Structure formats: structure tokens, C-alpha cells
Amino acid sequence: MARRFKKTIFNSDTAPQNTEKKQVSNVRKLKLLITVIDRSKTLFYVDLLEQFEVNVQMVLYGRGTANSQMRDLLGLVESEKSVIISYIREDKIKEAMETLDEKFHKVKNGKGIAYTVALDSIIGVSMYQLLSNDRTVKEGDKK
């Protein structure tokens, strides 16, 4: 049995109008920023990174196994280190890395290493908003 479909053609005068305006937020890529620094400077660098809208950071404490000769050769002062793992928006990386590089050279015993790792995906809109510091209000939420 053949079915017949009614063909509907809309022009600009008869097309249904959507009068609701929805706020669309730009989805910006995120990266992991890994910063390795002397343990004594942990709070300084955690606070420094917050100015780049870094909303979530995790600090891991570690101890190096290099002997004193190797540390002297590499210019490392302490063997106890902190690894700061931060989620940062891609548009903030250049400025953050330049600031970190400046602080690594100017702060006494503030040497460190910083690099980024790309994130392919994040599960959930709420998780993305938390990690990217995106405070867009969803429909139905109270302000």
C-alpha cells in the first residue's frame, strides 16, 4: 500500500517563527596544564594560575631520586617537588605559559617546568562548565 505524504512549503511569510531567544555559549577547548615546581612554592603557583580562570587544580607531592650531583648539574635546588594539574581553557594558555616562564626566571627558587596536554572529550555539560569556569545559567535554573 503506497502512502501519500503532504508536501509543505514554507516561505518567509508563512514559516513558523521562534520568538524565544536562547543564549548559546561558545564551547572552548580545554587542556591540562602540568606544572612541576619546588614544594615550597606550591601555594604561590596555585594562586598565580587562578588569575587565568583556572577553576579546578590538583596538587600532587613527589620526591625526586636524583643525587645531589645530578641536581646541581640540572640547577635544581630541592628534591621535593609539587606537580600541579590544572584544567585551563585553550585561549588562556599562551598568557599563562608566558607568566609562568617569567616567574620561573624571576622568583627565587621558583624554577619549574610547565607543559600542556590536549583533552579530547569531557563527559557532561555540567562537568565542562565546572572545568572551563563557564557560569552560563541553564534554562530553568534560578539566578
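Residues numbered from 1 in each chain as written. Predicted model: local features only at pLDDT ≥ 70, side-chain atom pairs only at ≥ 80, totals over all residues. Heavy atoms only, no water.

**Concerning the packing of aromatic side chains**
Filter applied, for reference: Stacked, tilted and edge-to-face pairs are distinguished by plane angle, under 30 degrees for stacked and over 60 for edge-to-face with tilted covering the rest, among Phe, Tyr and Trp rings (Trp via its six-membered ring) whose centres lie within 6.5 Å. Remark: exposure states derive from per-residue accessible area (1.4 Å probe, protein chains only) relative to the maximum for the residue type, with buried under 20%, exposed over 50%, and partly exposed in between. Counting from the N terminus, the helices are DSSP H or I runs at least four residues long and the strands are E runs at least two residues long.
Going through the model one piece at a time under the given rule, you end up with two aromatic pairs. Arranged with centres 5.0 Å apart and planes meeting at 85°, the rings of Phe-44 and Tyr-45 form a pair that is edge-to-face. Residue class for Phe-44 comes out partly exposed when judged on its relative accessible area of 35%. Judged by centre distance (5.6 Å) and plane angle (55°), the rings of Tyr-45 and Phe-104 are tilted. With Tyr-45 in helix H1 (residues 42-50) and Phe-104 in helix H3 (residues 93-106), the pair connects residues that are 59 residues apart, well separated along the chain. By relative accessible area, Tyr-45 is classed as buried at 0%.

**Points about the pattern of salt bridges**
Note that side chains of opposite charge can pair when their charged atoms are close. Short version of the rule: When a carboxyl oxygen of Asp or Glu is within 4 Å of a side-chain nitrogen of Lys or Arg, the pair counts as a salt bridge.
Taken as a whole and judged by the stated rule, the model has seven salt bridges. Lys-31 is paired through a salt bridge with Glu-90; the nearest N and O atoms lie 3.9 Å apart. In this pair, Lys-31 sits in strand S1 (residues 30-38) while Glu-90 sits in the loop between strand S3 (80-89) and H3, placing the two residues 59 residues apart along the sequence. Since its relative accessible area comes to 38%, Glu-90 is described here as partly exposed. Within this structure, Glu-53, Arg-89, Asp-91 and Lys-92 form a network of salt bridges that share partners.

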